[in-house]
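Residue strings, one per chain:
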Amino acid sequence: LNNKVSLFKIDRLLNWAQANSLWYFQTGTACCADEVINSAGSRYDLERFGCLPQNDPSQADLLLLRGFISEKLADDVLAIYHEMREPRFVMAVGACACGGGLFSKKENYALKDPIQNRIPIDVFVPGCPPRPETIMEGLLKLQEKIRDH
Ligand code: SF4
């Protein structure tokens, strides 16, 4: 019983550490990118939540999808996702990344199979564009989800 209790505690500790050190890689294909950059700046300061930008997907455990992901771009985004270390998480930021947004009309040839059908998304952040406060709330929800896992 004691071993089970300590394993449970180690699990909780690891989840807590993971939730508070999310390093993110981002796709910045459209206007929502500005809002994430704004969130990372000194005014909103995502780093105080342990959230650091990374230029190499293999160093990241959080993928921030921003903007419209077209059919042509989807394969590259999938390759980035598979390059990331496990456990990995995905946050869709803005209406376009959440569901195609302005571009989601059926006749749009550039969006046959939305990225949401190919990558498991952990948190959807709504808005066009979402304000930095909304992005931070999405991040806090993701941290909560990881901690309670
Ligand atoms: S959700 Fe709005 S602000 Fe964000 S990328 Fe789409 S059109 Fe631009």
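Above this note sits the structure.
As a further point, take the overall build of the protein. Within the protein one finds five helices and five strands. The N-to-C order of helical and strand elements in the protein reads α-β-α-β-β-α-β-α-β-α. Relative to the globule expectation of 15 Å for 149 residues, the C-alpha radius of gyration of the protein, 16 Å, shows essentially globular dimensions. When the backbone C-alpha atoms are referred to their principal axes, the protein occupies close to 60 × 35 × 25 Å. Counting only residues that meet the buried cut, the protein has 44% of its 149 residues in that class.

The next subject is the side chain of Gln 18. Position of Gln 18 among the secondary structure elements: in helix 1 (residues 2-19). Accessibility expressed as a relative area gives 18% for Gln 18, which makes it buried. Polar side-chain contacts of Gln 18 include one of 2.9 Å to the side chain of Asp 61. Setting aside anything within four residues of it in sequence, one finds Gln 18 in contact with Asp 61, Pro 87, Phe 89 and Ile 146.

In the vicinity of the ligand, the contacting residues are Ala 30, Cys 31, Cys 32, Gly 67, Ala 95, Cys 96, Leu 102, Gly 127, Cys 128 and Pro 129. Considered class by class, the residues forming the shell around the ligand number eight nonpolar, two polar and no charged.

Conventions used here
- Residues take numbers from 1 onward in each chain, read along the sequence in its written order.
- The predicted origin of the model limits local features to residues at a pLDDT of at least 70 and limits the giving and counting of side-chain atom pairs to 80 or more, whereas totals for whole chains, interfaces and linings rest on all residues.
- The side-chain numbers reported here are obtained from all heavy atoms of the structure, hydrogens and water having been left aside.
- Secondary structure follows DSSP: runs of H or I at least 4 residues long count as helices, runs of E at least 2 residues long count as strands, and numbering of each begins at the N terminus.
- For the radius of gyration, the atom set is restricted to C-alpha positions; the globular benchmark scales as 2.2 Å times the number of residues to the power 0.38.
- Only protein chains enter the accessibility calculation, which uses a 1.4 Å probe. A residue is then buried if its area is under 20% of the maximum for its type, exposed if over 50%, and partly exposed in between.
- Here a polar contact means two N or O atoms within 3.5 Å. Within protein one must be a hydrogen donor candidate and the other an acceptor candidate, and residues neighboring in sequence count only if both atoms are side-chain atoms.
- The contact definition used throughout considers only heavy atoms, calling two residues in contact when any of these lie within 4.5 Å.
- Being near a molecule or strand, for a residue, means having at least one of its heavy atoms within 4 Å of it.
- Any residue outside Ala, Val, Leu, Ile, Met, Phe, Trp, Tyr, Cys, Pro, Asp, Glu, Lys and Arg is labelled polar, Gly included; the first ten of those are nonpolar and the last four are charged.

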